[in-house]
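These are the residues of each chain, in order.
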Amino acid sequence: MQVVFTKTAPPQWLLDMWKEIDDKTFGPGFDCFAEDAVCNLGVADWKGREAIRANLKAFIDSGFTALHHVTEYWDAGSLKVFRGVVDMTPDDRSMKAVHPTMTHFFYMDERDETKVRHWVGAVGPVAFG
């Protein structure tokens, strides 16, 4: 099966999810995930929408504020690819902000194509040395 990607503007569901993270609200923007979605960010292996929401909140609450920027978004129907940059500003102002690149793959649910079934992503590096 051949997959054809189309470069397009990011959908509102993706922008809403990033906004929930950036605003540290973790509310309805996470409803884009299927109830039993899986998220693999780096070494993370979170199962279920509420686990994804809770673990991302705990990570963001560990001492920084994030601001996500969309660089490009590609849509192939059941697979979406997002690339961007995230500004990570530590709460401790004596520490330097970092701006790692991100790449995320969103596999949509086969029963409800409006929901993400599996999120695989990478962010970094956040530091060298």
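## What to know about the side chain of Arg-117
Now for step 1: Assignment of secondary structure puts Arg-117 in strand 7 (residues 116-123).
Now for step 2: Leave out the neighbours within four places in its chain, and Arg-117 touches Ala-34, Asp-36, Ala-37, Val-38, Tyr-107, Met-108, Asp-109, Glu-110 and Arg-111.

## Things to note about the pairing of strand 4 (residues 64-75)
Now for step 1: Sheet topology note: the strand 1 (residues 6-7)/strand 4 ladder contains two bridges and is antiparallel. Looking at strand 4, one finds that Lys-7 is bridged to Trp-74.
Now for step 2: Note that strand 4 and strand 5 (residues 79-90) share 11 bridges and pair antiparallel. Residue Thr-65 lies in a different strand from strand 5, and its bridge partner there is Thr-89.
Now for step 3: Between strand 4 and strand 5, which pair antiparallel one after the other, the connecting turn spans three residues, and Gly-77 there sits at a positive phi close to 80°.

## Some remarks on unusual backbone geometry
Now for step 1: Residue Pro-125 follows Gly-124 across a cis peptide bond; omega there is 5°.
Now for step 2: By the element assignment, Pro-125 lies in the segment after strand 7.
Now for step 3: A positive phi angle, close to 60°, is found at Lys-24, a residue other than glycine.
Now for step 4: As for its position among the elements, Lys-24 is in the loop between helix 1 (12-22) and strand 2 (33-41).
Now for step 5: For Lys-24, a relative accessible area of 29% corresponds to the partly exposed category.
Now for step 6: Its identity is not glycine, yet Phe-26 carries a phi of approximately 50°, on the positive side.
Now for step 7: By the element assignment, Phe-26 lies in the loop between helix 1 and strand 2.
Now for step 8: The buried category is assigned to Phe-26, whose relative accessible area is 5%.

## Re the environment of Glu-35
Now for step 1: Checked against the element boundaries, Glu-35 lands in strand 2.
Now for step 2: For the pair Glu-35 and Asp-91, spaced 56 residues apart in the sequence, the C-alpha separation amounts to 32 Å.
Now for step 3: Leaving out residues up to four positions away in the same chain, Glu-35 has contacts with Gly-48 and Arg-49.

## Examining helix 1
Now for step 1: Looking at helix 1, one finds that the buried residues are Trp-13, Leu-14, Met-17, Trp-18, Glu-20, Ile-21 and Asp-22.
Now for step 2: Those residues of helix 1 that are buried lie in contact with strand 2, helix 2 (49-60), strand 4, strand 5, strand 6 (101-108) and strand 7.
Now for step 3: Positive backbone phi, approximately 60°, marks Lys-24, located one or two places after helix 1.

How each quantity is defined
Residues numbered from 1 in each chain as written. Predicted model: local features only at pLDDT ≥ 70, side-chain atom pairs only at ≥ 80, totals over all residues. Heavy atoms only, no water. Helix = DSSP H or I, 4+ residues; strand = E, 2+ residues; numbered from the N terminus. Contact = heavy atoms within 4.5 Å. Pairing = 2+ DSSP bridges. Buried < 20%, exposed > 50% of the residue type's maximum accessible area, 1.4 Å probe, protein only.

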